[in-house]
Amino acid sequence: MSKKARLILVMVIIEAALAGLWWYLARYGMANPGRVTSDFQAVVGQTLGMAMGGLLGVCVILFLVAARNDRKAAQKKAQL
């Protein structure tokens, strides 16, 4: 499995976990309005949205690095 494929797989798993956490917290806030603050939904949305967006931005850079490393490994393998 190439480094690009591994990175995409890990990224999808982590993003799905964050989305699941976001879904759980949003449902918790709706089910228990007396136990959370009035701006709970907004804070959860901003926090997890920023975490998911930041992770996606880092993964783009890591994808480019992984693609370069895959190319280097393929060239090195072809020379042998």
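The present account deals with the structure reproduced in this document. Sequence positions are assigned chain by chain, starting from 1 and proceeding in written order. Side-chain atom pairs in this predicted model are given and counted only at pLDDT of 80 or more, local residue features only at pLDDT of at least 70, and totals for whole chains, interfaces and linings cover all residues. Calculated side-chain values reflect all of the structure's heavy atoms, with hydrogen atoms and water omitted.

Considerations on a positive patch on the surface
Reasoning step 1: A grouping of Lys-4, Arg-68, Arg-71 and Lys-72 is seen on the molecular surface, where their side chains present a positively charged patch.
Reasoning step 2: At three residues, helix α2 (residues 40–79) tops the list of elements feeding residues into the positive patch.
Reasoning step 3: Helix numbering and strand numbering both begin at the N terminus, where a helix is a DSSP run of H or I of at least 4 residues and a strand a DSSP run of E of at least 2. Here Lys-72 lies in helix α2. Here, patches come from residues exposed beyond 30% relative accessible area and free of salt bridges, joined within 9 Å for like charges and within 5 Å for nonpolar side chains (Val, Leu, Ile, Met, Phe, Trp, Tyr). Per-residue and other accessible areas follow the Shrake-Rupley method at a 1.4 Å probe size, with only the shown protein chains counted as cover for residues. When a carboxyl oxygen of Asp or Glu is within 4 Å of a side-chain nitrogen of Lys or Arg, the pair counts as a salt bridge. Charged residues are defined narrowly, with Lys and Arg counted positive, Asp and Glu counted negative, and His plus the chain ends left uncounted. Where a charge lies is defined by one atom per residue type: Lys uses NZ, Arg uses CZ, Asp uses CG and Glu uses CD.

Examining the environment of Leu-18
Reasoning step 1: Secondary-structure assignment places Leu-18 in helix α1 (residues 3–31).
Reasoning step 2: The spatial distance from the C-alpha of Leu-18 to the C-alpha of Met-52 is 7.0 Å, given a sequence separation of 34 residues.
Reasoning step 3: Contact criterion: two residues are considered in contact whenever any of their non-hydrogen atoms come within 4.5 Å of each other. With near-sequence residues (within four places) excluded, Leu-18 lies in contact with Leu-48, Ala-51, Met-52 and Leu-55.

What about a nonpolar patch on the surface?
Reasoning step 1: A surface patch of nonpolar side chains, about 430 Å² in accessible area, is lined by Ile-8, Val-12, Val-60, Phe-63 and Leu-64.
Reasoning step 2: Among the elements of the structure, α1 and α2 are those that each provide at least two residues to the nonpolar patch.
Reasoning step 3: With three residues, the top contributor of residues to the nonpolar patch is α2.
Reasoning step 4: Along the chain, Val-60 turns up in helix α2.

Here's the deal with the side chain of Asp-70
Reasoning step 1: Inspection of the secondary structure assignment puts Asp-70 in helix α2.
Reasoning step 2: Lys-4 provides the closest opposite charge to the buried, unpaired Asp-70, separated from it by 5.1 Å.
Reasoning step 3: Apart from residues lying up to four places away in sequence, Asp-70 is in contact with Ser-2, Lys-3 and Lys-4. Classification of residues uses two cut-offs on accessible area relative to the type maximum, computed with a 1.4 Å probe and protein chains only: under 20% is buried, over 50% is exposed, and between them is partly exposed.

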